[in-house]
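Each chain is listed here by its residues.
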Amino acid sequence: MADVKVVVPGDVIDTHTEEDDAVLRLGPGLTQHAGKVSAVAAGVLHASPDTNHFWVVSNKRRYVPAEGEPVVGVVLGRHGEGYRVDIGSAHDALLPLLAFEGATRRNKPNLVVGATVYARVSVANEMMDPELECFNSHTGKSEGYGELTHGFTFKCSLGLARRLLSAKAPVLSALGEQVPFEAAVGVNGRVW
Amino acid sequence: MARPDRRDPTQIRALHCVLGQLNRVDGSAQFSAGDTSVLCGVYGPVDVKLYDEKLDRAHIEVKFRPDIGVPTTKDKWVEDAVRTTFEREILGQLHPRTLVQINVQLCQGDGSVDAAAINATTLALIDAGIPLRAMVAAATCIVRPDHSIIVDPTQEEADSALSTHTFAFSNLQSNSPAYVDSRGEFSLDEYNACYDMCIAAVDRTLAFMRTAVEGKILKETQTAL
């Protein structure tokens, strides 16, 4: 197996670069303290020497929302101008009524409690509750996001969800050879 | 004076751990040192009660349950040990207004329970992926009636101790302990001797924990396609 560098919390990472004033980009699992970069999660350390990007890949079960990620959520209720959606994070997410393709003040979607949706995280930081959108806000098209009807949803680890999302997921290809199906994979560890 | 199980004074018991065996929690670990076995399950970061909500960091909650009976005051000491240790080590400021709930269940007690609880909690937090400043391991030393010092006492050894000292250290390059608990009558020399013995025991425990965590991650990486 290729040289895999496993780090645990507390390990100091060697981020020495050739240029003196290089900008280092620290991804998940790393933090900077007193001029040193150290790991805060246990996992495999990845480094991209061209962009000075370092991050730790680790598997876990609890989702922490990040902007731009596709998630599968369950509608909990309607509050004011949006829906409260459970995406498995510490706080429930807000899905505005107008964040759907073709939605206007007169033409709003009508999701019931318990409906499953595939959405993109539009706002995520540690200070606010996460927010979702069911369309691409630049193009106005749904691009696969929206309500997911029929079918069933199951939970999996975040690592497995990421692997399923990669283009060459063998499990999904093998399944597709036997049975035609449609699936939506959320990086929050839920698969419809 | 020989120890009942013929161990050297500086020898800790055989360590064993299982990571991620519970499937309803976010992270879990079972840690055993000899016959002392502790199971820890961790949830987090999850929603927090308004009363406990902290605006700038996560709220850490620890529950420790004994093997038999209802929790009593001395079980609260173990909760306190785990909570004060990990309130410093968990990077709670990355997840404000959330809760990290640590549940520790004593499966079998044979001395050095608070050290085992701290060790099991470190592994469970790592299994859950909760950000930690460092890995923390703990060890207990006692001063026996003949003033000899032994590490990792069994319950039988601890019952006759003049003083009991539990130290926890992290794998960061600093000598200051992450947790200290000393009880009984002891001299400064005895305290320092226990301190040194515990550092050595903690180093071995940290190495064991690192091997366990690396093994789990390598296994996950190899099964990834």
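Predicted model, so just to flag it, every value in this text is computed and none were measured.

Residue and element names in this part refer to chain B. Its 17 residues place the ends of helix α1 (residues 73-89) 25 Å apart at the C-alpha level, agreeing with the 24 Å of an ideal helix rising 1.5 Å per residue. When we look at burial in α1, the residues that qualify are Asp-75, Val-78, Glu-79, Ala-81, Val-82, Thr-85, Phe-86 and Glu-89. All buried residues of α1 project into a common sector of 155° when viewed along the axis, lining one side. Among the structural elements, β4 (59-65), β5 (99-108), α2 (113-128), β6 (136-143) and β9 (179-184) are those in contact with the buried residues of α1.

This paragraph deals with the pattern of salt bridges. Applying the stated criterion across every chain, the model contains 24 salt bridges over all chains. Ionic pairing is found between Asp-11 of chain A and Arg-210 of chain B, a salt bridge with its closest N-O pair at 2.4 Å. Of this pair, Asp-11 of chain A sits in the loop between β1 (6-7) and β2 (12-13) while Arg-210 of chain B sits in helix α4 (residues 188-223), each in a different chain. Assessed through its relative accessible area of 13%, Asp-11 of chain A is described here as buried. Residues Asp-110 of chain B and Arg-13 of chain B are paired through a salt bridge, measuring 3.7 Å at the closest nitrogen-oxygen approach. Placement of the pair is Asp-110 of chain B in the loop between β5 and α2 and Arg-13 of chain B in the segment before β1 (15-19), with a sequence separation of 97 residues. Taken together, the shared-partner salt bridges in this structure form one network comprising Arg-3, Asp-5, Arg-7, Arg-13, Asp-110, Asp-152 and Glu-157 of chain B.

Another point: the nonpolar core. By size, the foremost hydrophobic cluster in this structure holds 65 residues, and its most contacted members are Val-42, Phe-86, Ile-90, Val-100, Ile-102, Ile-118 and Leu-125 of chain B. No other element matches the 13 residues that α4 of chain B contributes to this core. Filtering out sequence-adjacent residues up to four positions away, Ile-102 of chain B remains in contact with Cys-40, Gly-41, Val-42, Ile-60, Glu-61, Val-62, Lys-63, Val-82, Ile-90, Thr-121 and Leu-125 of chain B. By size, the runner-up hydrophobic cluster in this structure holds 28 residues, among which are Val-85, Cys-134, Tyr-145 and Trp-192 of chain A.

The next subject is a nonpolar patch on the surface. Together, Leu-175, Val-179 and Phe-181 of chain A line one region of the surface with nonpolar side chains, adding up to about 240 Å² of accessible area. Relative to the helices and strands, Val-179 of chain A is located in the loop between α2 (170-178) and β15 (185-186).

Turning our attention to the packing of aromatic side chains. All names here are of chain B. Using the criterion set out here, one finds eight aromatic pairs over all chains in the structure. Ring centres of Phe-31 and Phe-208 lie 6.4 Å apart, and the angle between their planes is 70°; this geometry places the pair in the edge-to-face category. Here Phe-31, found in strand β2 (residues 27-33), pairs with Phe-208, found in helix α4; they are 177 residues apart in sequence, far enough to count as distant. By relative accessible area, Phe-31 is classed as buried at 1%.

Basis of the calculations
Residues numbered from 1 in each chain as written. Chains lettered and ligands numbered in written order. Predicted model: local features only at pLDDT ≥ 70, side-chain atom pairs only at ≥ 80, totals over all residues. Heavy atoms only, no water. Helix = DSSP H or I, 4+ residues; strand = E, 2+ residues; numbered from the N terminus. Expected span 1.5 Å × (residues − 1). Buried < 20%, exposed > 50% of the residue type's maximum accessible area, 1.4 Å probe, protein only. Arc of directions from axis to C-beta. Contact = heavy atoms within 4.5 Å. Salt bridge = Lys/Arg side-chain N within 4 Å of Asp/Glu carboxyl O. Core = buried A, V, L, I, M, F, W, Y, C linked by side-chain atoms within 4.5 Å. Patch = residues over 30% accessible without salt bridge, like charges linked within 9 Å, V, L, I, M, F, W, Y side chains within 5 Å. Areas by Shrake-Rupley, 256 points an atom, 1.4 Å probe, with all protein chains shown as cover. Phe/Tyr/Trp six-rings, centres within 6.5 Å; stacked < 30°, edge-to-face > 60°.

Don't take any of this as a statement about function, it's just geometry.
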